[in-house]
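A closer look at the structure
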Amino acid sequence: MRALAYAWQEAVASLARARWTLLLSIATIAVAFAMLGAFRVVSGTVERVAGGWSEAAEVSVYLDDVVTEAEQAAIRQVIDRSGLAAGVTPVSKEQALARFGAEFPELGDVTASLDANPFPASFEVRLSEAGMAGADALAASLAAMPGVADVRFDRQWLSRLIAVITALRTAGWLAALALVLGAATTVVAVVRLSFEARRDEIGIMALVGAPVAFIRGPFVVEGAIQGALGALAALGGLALLGRALSRALGPLAAALGSDAIRPLLWTDIAGLLAGGALVGAAAGLLATWKWDPQGPLAR
Amino acid sequence: MIELHNVTKVYGTDVTALDRLSFAVEKGEFVFLTGPSGAGKSTLLRLLLRQEVPTEGTLTVGGRELATLSTREVQAYRRSLGVVFQDFKLIPTKTVFDNVAFVMRVLGVPVEQQRRRTYQVLKGVGLQHRALAYPPELSGGEQQRIAIARALVNEPQVVLADEPTGNLDPDLSLEIMDVFRDINAAGTTVLVATHDRALIAHVGRRVLHLESTRGARADA
């Protein structure tokens, strides 16, 4: 406790003496942690949207025009017994035509000019959350049944999208990690500068018997303060950016769903602050790691 | 209090700074360590400060063999010493008060006690009125007296001084020696490395004369 109080006082005094290098260090950390925080928001938002789309995924079973009632009943029975469906909506040929007319009224003339209704009857199978895993097998078995013209499962493009998102997320985390390592290197350099500037003083402290915690402690705390201030600046920047983006991207957010954009949670904020302090403290420790308290004075 | 038995210090493979040096300093003694440049005075003080360890032989202070101390024990041992350097080694960014009180601060001595003891030792060296000054604002003699105050603040059993008057004029040197004599009179063991024969004659205590790598010889 005594060492911590001393380290805190000395670190604050040292940082006050080196304001410009402190600002450089904070700016570097802020950029790295802002990227990390922004990535967390984007990643969370994409996960949320993709999750919503996954929940909305459905299997569409298109029926032959000549399907019998017995075949329809058998198809329905396979769907119900699969246990994968959260809901099934039978759509007749007439309902399909009406839906098309409602969605594309400008094409009304085209459909009116046709001799026969070209739209097939179908079953729209909304999958349960657990049903996503077995949906491929269900689609395959339905496709083989008499009376079935085609089966479409829109999970395939969703799977590809999720694969792309996963790859981007991995790349993003790696980029953020590289930035954080870069920021840590800056903190090491700044703390090292501070250490070198006080080398004689440190040598004297070692000679009069100051415990190692009293000698290294201020530099570790100095790094931690830089890290925490950098993370705090990053959070401030993210808040401003978030406000500007929410205005600019309002329509997109509305299209994705009112709660689609995932804000930074308190756990994220605490994590960024603690992460900044930890990275800074580790950098401070690293900056003084090679120093030997038993070595000759001022060597 | 201080015992050296066949202490040898070799740098690299062939530079022998001390060769089978043996002597003892009793508790409460005042001893001068003298000898020509290169005789090993500084090496011996580095060994006593545990900045280095002997290549051979044993060195014990207060019953502790210095070579076997861990990092933590080395720092604790150094806190039990009072050390005065030729170039003072005061921290320029701390006030006189903070320079002197520092050792007590790291030991967790209550603030009021730190204040009282610091003013007491500053008064002892006649510089209580400069407590809030910074070292660069003081003369060489004043800085050395502050360094002595720092060495004494923790009431050490042993005070080591490395050419403590090397940067001072003769009158100030005698004054500083009187301070050391007073410290010794209070029961503290004092070991002063110097090549100033006038000072040795002024104080008139036992002299250990180091001759180049040949070991110590007691002259008085």
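So, here's what we can say about the structure.

About the thresholds
Residue numbers here run from 1 along each chain, matching the order of that chain's written sequence. Chain labels run from A onward and ligand labels from 1 onward, assigned in the order the entries are written. Predicted model: local features are reported for residues with pLDDT of at least 70 only, side-chain atom pairs are reported and counted for 80 or more only, and whole-chain, interface and lining totals are derived from all residues. To obtain the side-chain values, all non-hydrogen atoms of the structure were used and water was disregarded. The pairing criterion is simple: DSSP has to find at least two bridges between the two strands. In DSSP terms, a helix is any run of H or I states spanning at least four residues, a strand is any run of E spanning at least two, and both are numbered starting from the N terminus. Contacts are assigned to residue pairs with any non-hydrogen atoms lying within 4.5 Å of each other. Orientation is described by axes fitted as lines to C-alpha atoms, over the contacting stretch for helices, and by angles from 0 to 180 degrees between their N-to-C directions. Joining two parts hides part of their accessible area as seen by a 1.4 Å probe, and the buried area is that hidden amount summed over both. Salt bridge, as used here: a side-chain nitrogen of Lys or Arg that lies within 4 Å of a carboxyl oxygen of Asp or Glu. For the purposes of these results, a polar contact is taken to be a pair of N or O atoms within 3.5 Å, where, inside protein, one atom must be able to donate a hydrogen and its partner to accept one; residues adjacent in sequence count only when each atom of the pair is a side-chain atom. Basically, the charged four are Asp, Glu, Lys and Arg, the nonpolar ten are Ala, Val, Leu, Ile, Met, Phe, Trp, Tyr, Cys and Pro, and anything else, Gly included, counts as polar. As used in this record, nonpolar core signifies buried Ala, Val, Leu, Ile, Met, Phe, Trp, Tyr and Cys residues forming a set joined through side-chain atoms within 4.5 Å. Exposure classes here rest on a 1.4 Å probe applied to the protein chains alone. A residue is buried below 20% of its type maximum, exposed above 50%, and partly exposed in between. Where each domain starts and ends follows an automatic or database-derived domain assignment.

**Observations regarding the sheet that holds strand β1 (residues 2–11) of chain B**
Residue and element names in this part refer to chain B. Sheet architecture is open: four strands sit in the order β2-β1-β4-β5, paired in antiparallel fashion. Of all strands in the sheet, those with a lone pairing partner are β2 (15–25) and β5 (64–65), marking the two edges. Bridge count between β1 and β2: seven bridges; the pairing is antiparallel. If you follow Y11 over to β2, its bridge partner there is V15. Set on the sheet, helix α1 (residues 41–48) makes contact with β1, β2 and β4 (56–61); between it and β1 the angle comes to about 115°.

**Remarks on the interface of chain A and chain B**
Taken residue by residue, the interface counts 21 residues in chain A and 22 residues in chain B. Taken over both partners, the interface formed by chain A and chain B buries close to 2000 Å², and the fraction arising from carbon and sulfur atoms is 57%. Taken together, the links from chain A to chain B amount to one salt bridge. Taking the shortest distance from any N to any O, the salt bridge between E10(A) and K94(B) comes out at 3.1 Å. For the interface between chain A and chain B, the tally reads six residue pairs in polar contact (both at pLDDT 80 or more). Taken together, the elements giving at least two residues each to the side of chain A that touches chain B come down to α1 (2–17), α8 (199–207) and α9 (212–248) of chain A. Here the element with the most residues in the side of chain A that touches chain B is α8(A); it accounts for five residues. Split into classes, the residues belonging to the side of chain A that touches chain B amount to 14 nonpolar, four polar and three charged.

**Remarks on the sheet that holds strand β4 (residues 148–153) of chain A**
All names here are of chain A. Ordered by their spatial adjacency, four strands build an open sheet running β2-β3-β1-β4, and the pairing between neighbours is antiparallel. Unpaired on one side and paired on the other, β2 (85–91) and β4 mark the two borders of the sheet. Averaged over neighbouring strand pairs, the angle between their axes works out to 15° when direction is ignored. Strand direction decides the pairing type here: β2 and strand β3 (residues 122–127), joined by six bridges, are antiparallel. Its bridge partner being in β3, T89 is matched across the sheet by E124. Strands β1 (58–63), β2, β3 and β4 of the sheet are contacted by helix α3 (residues 69–82), whose axis makes an angle of about 165° with β2. Across the face of the sheet, helix α4 (residues 93–103) comes into contact with β2 and β3 while running at roughly 90° to β2.

**Points about the nonpolar core**
Among the nonpolar cores identified, the biggest contains 40 residues, and F32(B), I146(B), I148(B), F180(B) and I183(B) are the most heavily contacted of them. When residues of this core are traced back to their parent elements, those giving at least two are β3 (30–34), α3 (96–106), α4 (111–124), α5 (140–152), β7 (158–162), α6 (170–185), β8 (189–193) and α7 (197–203) of chain B. Each of domain 1 (1–80 + 156–220) and domain 2 (90–155) of chain B contributes no fewer than three residues to this core. Each residue touching I146(B), except ones within four places of it in the same chain, is listed here: L90(B), V96(B), V100(B), L122(B), L127(B) and L138(B). Grouped together as the second largest cluster of nonpolar side chains are 35 residues, A32(A), F33(A), F195(A) and A234(A) included.

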